[in-house]
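# Analysis of the macromolecular model
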Amino acid sequence: MSRSVLVTGGNRGIGLATARAFAEQGDKVTVTYRTGEPPEGLFGVRCDVTDPESVRRAVEEARIQHGPIQVLVSNAGITRDELFVGMDAEDFRAVIETNLLAAVAVTKEVLPDMLKARWGRIVLVASVSAMSGAPGQTNYAASKAGLIGFGRSLSREVGRRKVTVNVVTPGLIETDMVKDVTGPRREHLLGQTSLFRAGEPEEVAGVVKFLASDDASYVTSAVVPVTGGLGVGH
Ligand code: NDP
């Protein structure tokens with residue numbers, strides 16, 4: 001098994017752990033990186049996922065290097081937290097644009113090859129906030145809830161071609177994104193988990209890898225929590 005895998009935002013955090021997990025099992029992995037350098041040992045293409053031309057070029061470079069994309073992990077994402085009453089319209093728009101519209105654009109770019117091949121795996125990285133909501137995250141939760149609706153609808157359109165579409169909803173995972181979640185807020189979140197700890201990026205990567213595997217051939221339209229129990233019941 002050696003598939004052409006594309007991971008957006010694969011230069012750090014959950015994306016990097018996921019890219020490494022695929023590479024370790026022998027897949028041909030392309031990661032997109034927006035800033036800095038590509039991660040060591042992985043094929044990187046520079047890409048700002050909010051720029052359609054950049055997305056088109058990145059997918060083309062990945063295709064040339066490793067062949068048509070067979071597995072897409074749409075992972076790139078941002079937060080711009082603020083209570084809604086004080087949130088700039090621009091901060092709302094930027095989060096929707098990056099987390100939802102860019103994921104849609106990348107999916108659109110890779111889907112024709114999957115449909116032609118009559119096989120594909122799409123995994124969208126959303127968040128527990130999509131279901132539970134979170135103060136300060138009206139923009140983020142809306143973007144991630146949008147991914148769930150998008151993914152579930154798409155899965156119903158492409159299932160006949162053996163393309164599965166699944167969503168993972170991580171909870172609190174130790175990456176740069178949550179380094180400012182400290183003190184009482186962190187304790188409050190950890191107290192709502194069943195495992196009383198934050199997750200590691202590798203623990204999300206393992207679930208993504210499963211969803212992209214042959215073992216998950218009958219799993220589609222699923223929303224899979226990777227939260228240590230945070231937000232269960234939603
Ligand atoms: P990080 O902040 O560590 O990484 C975010 C990644 O997204 C980086 O690679 C970043 O690239 C990339 N990215 C952001 N904007 C763009 C853009 N416009 N174009 C291209 N790449 C972009 O976050 P995580 O690893 O924690 O997050 C990964 C995903 O997991 C996100 O979708 C996030 O919402 C989700 N998630 C994370 C949780 C957590 O607790 N950590 C919880 C729930 C969901 P660059 O390095 O160039 O900025």
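Residues numbered from 1 in each chain as written. Predicted model: local features only at pLDDT ≥ 70, side-chain atom pairs only at ≥ 80, totals over all residues.

## Some remarks on the overall build of the protein
The secondary structure content of the protein amounts to 7 helices and 7 strands. Reading the helices (α) and strands (β) of the protein from amino to carboxyl end gives β-α-β-β-α-β-α-β-α-α-β-α-α-β. A globule of 234 residues ought to have a C-alpha radius of gyration of about 17 Å, and the protein, at 17 Å, matches this closely. Principal-axis analysis of the C-alpha atoms gives the protein an extent of 50 × 35 × 35 Å. Counting all 234 residues of the protein, 43% fall into the buried class. (Helix = DSSP H or I, 4+ residues; strand = E, 2+ residues; numbered from the N terminus. Rg over C-alpha atoms; globule rule 2.2 N^0.38 Å. Buried ≥ 20, exposed ≤ 12 C-beta atoms within 10 Å, placed from the backbone.)

## Quick look at the packing of helix α3 (residues 89–117) against helix α5 (residues 138–158)
When two helices pack together, you describe them by how their axes are tilted relative to each other and by the distance separating the axes. Relative orientation of the contacting elements α3 and α5 amounts to 20°, with a least axis distance of 8 Å. Taken together, the axis directions place α3 and α5 in an arrangement best described as roughly parallel. Considering only the axes of α3 and α5, their crossing is right-handed. Residue-level contacts link D91, F92, V95, I96, N99, L100, A103, V104 and L115 of α3 to N139, Y140, A142, S143, K144, G146, L147, F150 and V158 of α5. Among the residues making up the contact of α3 with α5, the classes are represented as 12 nonpolar, 4 polar and 2 charged. (Axes fitted to C-alpha atoms, helices over the stretch in contact; angles between N-to-C directions. Parallel < 35°, antiparallel > 145°, perpendicular 65-115°, else oblique. Left-handed = near helix turned anticlockwise from the far one by under 90°. Contact = placed C-beta atoms within 7 Å. Nonpolar A, V, L, I, M, F, W, Y, C, P; charged D, E, K, R; others polar.)

## Section: the site of the ligand
Taken together, 28 residues surround the ligand, and among them G9, G13, R34, G77 and T175 come closest. Among the secondary structure elements, those contributing two or more residues to the shell around the ligand are α1 (13–24) and β2 (28–33). Top contributing element to the shell around the ligand by residue count: α1, with 3 residues. For the shell around the ligand, the residue count by class is 12 nonpolar, 12 polar and 4 charged. (Near = placed C-beta within 6 Å.)

## Some remarks on the nonpolar core
L72, V110, V123, L124, V168, V204 and V208 are the most contacted members of the largest nonpolar core, which totals 58 residues. If we ignore the near neighbours within four places in the chain, the residues touching V208 are T18, V73, V123 and V168. (Core = buried A, V, L, I, M, F, W, Y, C linked by C-beta atoms within 7 Å.)

## As for the packing of helix α2 (residues 52–66) against α3
For the pair α2 and α3, the least separation of the axes is 10 Å and the interaxial angle reads 40°. By the angle between their axes, α2 is oblique relative to α3. When you trace α2 past α3, the crossing you get is right-handed. Note on element contacts: α3 touches α2 through A105, V106, E109 and V110, opposite P52, V55, R56 and V59. Within the contact of α2 with α3, the residues separate by chemical class into 6 nonpolar, no polar and 2 charged.

## Some words on helix α7 (residues 201–211)
Turning to α7, its buried residues number three or more, namely P201, V204, A205, V208, K209 and L211. Seen along its axis, α7 keeps its buried residues to an arc of 155°; they face one direction. On its buried face, α7 is in contact with α1, β4 (71–74), β5 (120–125), β6 (163–170) and β7 (223–226). (Arc of directions from axis to C-beta.)

## Some thoughts on the environment of S129
As for its placement among the helices and strands, S129 is situated in helix α4 (residues 129–132). Spatially, the C-alpha atom of S129 lies 7.6 Å from that of Y140, the residues being 11 residues apart in sequence. Those residues in contact with S129, other than ones at most four positions away along the chain, are A134, Q137, Y140, A141 and K144.

## Considerations on unusual backbone geometry
You will see that R118, though not glycine, has its phi angle at about 55°, which is positive. Positionally, R118 belongs in the loop between α3 and β5. On the neighbour-count criterion, R118 (10 C-beta atoms within 10 Å) is exposed. The backbone of S221 sits at a positive phi, close to 60°, despite the residue not being glycine. Tracing the backbone through its elements, the reader meets S221 in the loop between α7 and β7. The exposure class of S221 is partly exposed, given the 16 C-beta atoms found within 10 Å.

These figures come from the coordinates and say nothing about function on their own.
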